[in-house]
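Tertiary structure, described
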Amino acid sequence: MKPLRRSLPSVAVLLALGAMSLAPLRSSAEPAPQPAPQTADVRYGPILVPPTVGDQPGEFNAVVPAMPMPCTNCFLTATQVDLVFDDGKSANLDQGLMLHHMVTFNSGRPDATCGPNTPIGSLGERFFASGNERTGGTLPQGFGYHYGADRVAGAVEIMNHSTVPQVVFVRTQVRWVPDSTPGMQPVRPVWLDENNCGDSAYPVTAGPSDKVWRWTSTITGRVLLAAGHVHNGGVKIALANETTGAHLCTSYAGYGTKPAYQGSVESMTTCTWDRLGTVRKGEVLSIDTFYDPPEPQADVMGIVLAYVYETDDLTGGTPAPPEGPAPAWPPPGGVPSGHSHSHHH
Ligand SMILES: [Cu+2]
């Protein structure tokens, strides 16, 4: 089976977790096949989310000092997050519950784009995140996020729009291989954010608009995976190397096919390849976030989490094929308002 270039919304990624055939083609210089990865299912919780009272949405919002990890001295190769009830069933907006965000920070490593002298940067390297759309990702074969044994903090926000308290867990399915696995190469997470180092939120007007944010790279390597995050009314985020003019990924928001999401953002496409593109130290990576909401929104987001294999060999891997066609806009069910994704400050 030929590898997929992109379009891995949540369900597809779940399936992909069991399918090594999604890994890109290997060049002859790469190491021998590796043992099958381990699968782990880690949960954080139980979390009691208070009910909505009047116009005050129920909310759990905390920095968790130590999140459970599936392994130590290992490479994480695929992840998929869900918000679940005690019985394992998925919890979503049809029950009033929204996984507003979950971000994990490796305290043992500095973040690539947010310095350690900021509140966000002081928590460490942002290496994984999910919004309610629960985007998963699988790195190309032979690559993983290296985790030693340092404490991992989590920023977790869950909203409860129902009038009863509810108990949930943040569930993360992970694939990993031990450090002893031959030939594994580490990836560096690069967090690109329209309002970086803050709460990531910014306002947009009604109708079409876009916003660009740029980062001058401090690293050199091959971009292997990129996944975006937007709120309701978001269309897509484009990731590019502005210096070379190369387009690296478009991550599209999906709406209206999964009833549990009640019309809100239900997926983001991801781009995965063993050379989506390259970046050199000093070159400028940009994200361009497109919105088209029916009403102005006070606090949307535009974030791309990219994973880069740091190397001076920028000709390694294989060039990614062209992206497929964009999904229809507006989506068939219409563009949702920001209500169910709204922040509570
Ligand atoms: Cu968000």
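Residues numbered from 1 in each chain as written. Predicted model: local features only at pLDDT ≥ 70, side-chain atom pairs only at ≥ 80, totals over all residues. Heavy atoms only, no water.

**Considering the overall build of the protein chain**
Looking only at helices and strands, the protein chain has one helix and 21 strands in total. For the protein chain, the residues scored as buried account for 57% of the 345 residues in total. When contacts within the protein chain are restricted to residue pairs at least 6 apart in sequence, long-range pairs at least 24 apart make up 82% of them. (Helix = DSSP H or I, 4+ residues; strand = E, 2+ residues; numbered from the N terminus. Buried < 20%, exposed > 50% of the residue type's maximum accessible area, 1.4 Å probe, protein only. Contact = heavy atoms within 4.5 Å.)

**Comments concerning the state of the cysteines**
Under the definition given, this model contains three disulfides. A sulfur-sulfur separation of 2.0 Å characterises the disulfide bridge that pairs C71 with C74. Taking the torsion about the sulfur-sulfur bond, which here is approximately 80°, the covalent link between C71 and C74 counts as right-handed. Judged by its relative accessible area of 8%, C71 is buried. Look at C74 and you get buried, because its relative accessible area is 0%. (Disulfide = S-S within 2.5 Å.)

**Topic: the side chain of Q297**
Summarising the element assignment, Q297 is placed in strand β20 (residues 297-300). The buried category is assigned to Q297, whose relative accessible area is 11%. Of the polar contacts made by the side chain of Q297, one reaches the backbone oxygen of E295; its length is 3.2 Å. (Polar contact = N/O pair within 3.5 Å; in protein donor to acceptor, adjacent residues only side chain to side chain.)

**Concerning the coordination of the copper ion**
Looking at the copper ion, the protein donor atoms are H229 (NE2), H231 (NE2) and M301 (SD), and they sit 2.0 to 2.5 Å from it. Summarised as a motif, the one-chain spacing of the donors to the copper ion is H-x1-H-x69-M. The residues H229 and H231 share a single accessibility class, namely buried. (Donors = N, O, S within 2.8 Å, 3.2 Å for Na, K, Ca; no water.)

**What to know about the nonpolar core**
One finds I47, L76, L83, V156, I158, V168 and V170 to be the most contacted residues of the largest nonpolar core, which totals 44 residues. With near-sequence residues (within four places) excluded, I158 lies in contact with I47, V49, G58, E59, F60, L83, L97, M98, L99, H100, V168 and V170. Of all hydrophobic cores here, the second largest spans 30 residues; its members include I237, A253, L285 and V308. (Core = buried A, V, L, I, M, F, W, Y, C linked by side-chain atoms within 4.5 Å.)

**Here we look at the environment of I158**
Relative to the helices and strands, I158 resides in strand β8 (residues 152-160). As for I158 and L83, which are separated by 75 residues in sequence, their C-alpha atoms are 9.0 Å apart.

**Thoughts on unusual backbone geometry**
In this structure, P46 follows G45 across a cis peptide bond, with omega equal to 0°. Tracing the backbone through its elements, the reader meets P46 in strand β1 (residues 38-49). The omega angle of the peptide bond from W329 to P330 is 0°, so this bond is cis rather than trans. The residue P330 is located in the segment after β21 (302-310) in this model.

**Structural notes on the confidence of the model for the protein chain**
Per-residue pLDDT for the protein chain has a mean of 90; in total, 88% of the residues score no lower than 70. Ignoring residues within four places in sequence, the model shows residues 340-345, a span with pLDDT below 50, making 24 contacts including any to other chains. (pLDDT = per-residue confidence, 0-100.)

**Things to note about the sheet that holds strand β13 (residues 209-216)**
Read across the sheet, five strands follow the order β13-β19-β15-β16-β17 without closing on themselves; strand pairing throughout is antiparallel. Two strands in the sheet have a free side with no partner beyond their single neighbour: β13 and β17 (267-268). Pairing of β13 with strand β19 (residues 284-291), which is carried by eight bridges, proceeds in the antiparallel orientation. Of the residues in β19, the one forming a bridge with V212 is D288. (Pairing = 2+ DSSP bridges.)

**So, the pairing of β8**
With nine of its nine residues buried, β8 lies for the most part within the structure. Pairing analysis gives seven bridges linking strand β2 (residues 58-64) to β8, with the strands arranged antiparallel. When the sheet's bridge partners are listed, N61 is paired in β8 with E157.

**Considering the packing of aromatic side chains**
Summed over all chains, the structure comprises four aromatic pairs. Over the ring of F169 we find R43, and its NZ or CZ is 5.1 Å from the ring centre. Taking the ring centre of Y202 as reference, the NZ or CZ of K211 above it sits at 5.1 Å. (Phe/Tyr/Trp six-rings, centres within 6.5 Å; stacked < 30°, edge-to-face > 60°. Lys NZ or Arg CZ within 6 Å of the ring centre and 35° of its normal.)

**Focus: the pattern of salt bridges**
Counted by the stated rule, this structure contains ten salt bridges. A salt bridge links R280 to E283; its shortest N-O distance comes to 3.7 Å. Overlapping salt bridges, with partners in common, bring together R109, E125, R188 and E310 in one network. (Salt bridge = Lys/Arg side-chain N within 4 Å of Asp/Glu carboxyl O.)

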